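Overview (structure and organization)
Residue strings, one per chain:
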Amino acid sequence: MNVRLVLDASALLAYSRLTSMAVGELIGIVEEEDGESLIGVPAASFLAAHRALDPDDRDRLVDLATSSDGVTVVLPLLGTDAVEVAELDAHEPGTEGIGHAIFEANRLSATLATYQGEAARRWLADYEVLDLSP
Amino acid sequence: MTRRFSISLPDDVAAELDRVENASAFIADCIRQRRRRDTVRKMLADAGYEITEEGIERMRRRLHELEGRRRAHKLEERRRGRAAS
């Protein structure tokens, strides 16, 4: 499995609320450029975004995460990885769901797409973070 | 499981198949990629997105720039590791 990009909760919220074209454009790029790369949706980021969304916007999030034959894959949070993710989240209050996204971007050597670039860059190198903020 | 098909193709497409080692695998790969493209475009359209080529190009440049820096960093790490050993 080749995960090229990871989306955190902030990116998932922007996509689901239609507040920015950025994630849609990233999906278009991954679809166009090769037939095998995927976009990872960390399970904890999905849960954080799902909780924060209105029912109408939730449908977009669920479609994004569950579309078979698409370009996205939900990344599970397993075993003791949960401890590291919880500690990352505890260090970044107010950025719920970013811990799992940082963890997966690091584990998979993927680029983290986020609107919380400042928090992400405290844990990842500058070139590992695609800051979607305008 | 596989199924056997007899298909007709235009000359230019057939010529492409003459060049590949495994025509069945090539066609299966093309169909999977087409299915993936259709799925993604339908999902974006259903969500209400109208993605423009300009937007994709702008984002592609940003993503490629980051990925290029990541590759350069990895190469540098490898070079340092070799120099240290």
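The rules behind the values
Residues numbered from 1 in each chain as written. Chains lettered and ligands numbered in written order. Predicted model: local features only at pLDDT ≥ 70, side-chain atom pairs only at ≥ 80, totals over all residues. Pairing = 2+ DSSP bridges. Helix = DSSP H or I, 4+ residues; strand = E, 2+ residues; numbered from the N terminus. Axes fitted to C-alpha atoms, helices over the stretch in contact; angles between N-to-C directions. Contact = placed C-beta atoms within 7 Å. Core = buried A, V, L, I, M, F, W, Y, C linked by C-beta atoms within 7 Å. Buried ≥ 20, exposed ≤ 12 C-beta atoms within 10 Å, placed from the backbone. Domains from an automatic or database assignment. pLDDT = per-residue confidence, 0-100. Parallel < 35°, antiparallel > 145°, perpendicular 65-115°, else oblique. Left-handed = near helix turned anticlockwise from the far one by under 90°. Nonpolar A, V, L, I, M, F, W, Y, C, P; charged D, E, K, R; others polar.

All names here are of chain A. Across the sheet, which stays open at both edges, the 5 strands sit in the order β3-β2-β1-β4-β5 with parallel pairing between neighbours. Each edge of the open sheet is held by one strand with a lone partner, namely β3 (72–75) and β5 (129–131). Shown here is a sheet whose adjacent strand axes are inclined to one another by a mean of 30 degrees, direction ignored. This element, helix α1 (residues 9–17), spans β1 (2–7), β2 (37–42) and β4 (111–114) of the sheet and lies at about 50 degrees to β4.

Nonpolar side chains in soluble globular proteins tend to end up buried together. Judged by nonpolar contacts, the single largest core of 50 residues is most densely connected at L7, L12, L26 and A113 of chain A. Setting aside its immediate chain neighbours within four residues, L12 of chain A contacts L7, V41, S45, F46, A49 and L61 of chain A.

Quick look at the domain arrangement of chain B now. When its domains are assigned, chain B resolves into domain 1 (20–51) and domain 2 (53–85). Distance between the C-alpha centres of domain 1 of chain B and domain 2 of chain B: 27 Å.

Before going further, it helps to examine the confidence of the model for chain B. For chain B, mean pLDDT is 91; residues scoring 70 or higher make up 100% of the total. Mean pLDDT across the secondary structure elements of chain B bottoms out at helix α1 (residues 11–19) of chain B, with 88, and peaks at helix α3 (residues 53–84) of chain B, with 93.

Quick look at the packing of helix α2 (residues 22–33) of chain A against helix α2 (residues 23–47) of chain B now. Contact pair α2 of chain A / α2 of chain B: the axes reach a minimum separation of 10 Å and the direction vectors enclose 170 degrees. Relative to α2 of chain B, α2 of chain A is oriented roughly antiparallel. Across the interface between the two elements, G24, I27 and E31 of chain A of α2 of chain A pack against R36, R37, V40 and L44 of chain B of α2 of chain B.

Residues and elements named next belong to chain A. The contact between helix α5 (residues 81–91) and helix α6 (residues 98–108) brings their axes to 7 Å, and the two run at 120 degrees. Judged on the interaxial angle alone, α6 and α5 are oblique. The way α5 lies across α6 gives a crossing that is right-handed. When α5 is examined against α6, the residues D81, E84, V85, A86, L88 and D89 are found in contact with a partner set consisting of I98, G99, H100, I102 and F103.

Our focus in this paragraph is the interface of chain A and chain B. Taken together, the contact pairs 22 residues of chain A with 25 residues of chain B. Breaking the side of chain A that touches chain B down by element, the ones donating at least two residues are α2 and α4 (55–66) of chain A. Top contributing element to the side of chain A that touches chain B by residue count: α2 of chain A, with 8 residues. Of the residues in the side of chain A that touches chain B, the class split is 10 nonpolar, 6 polar and 6 charged.

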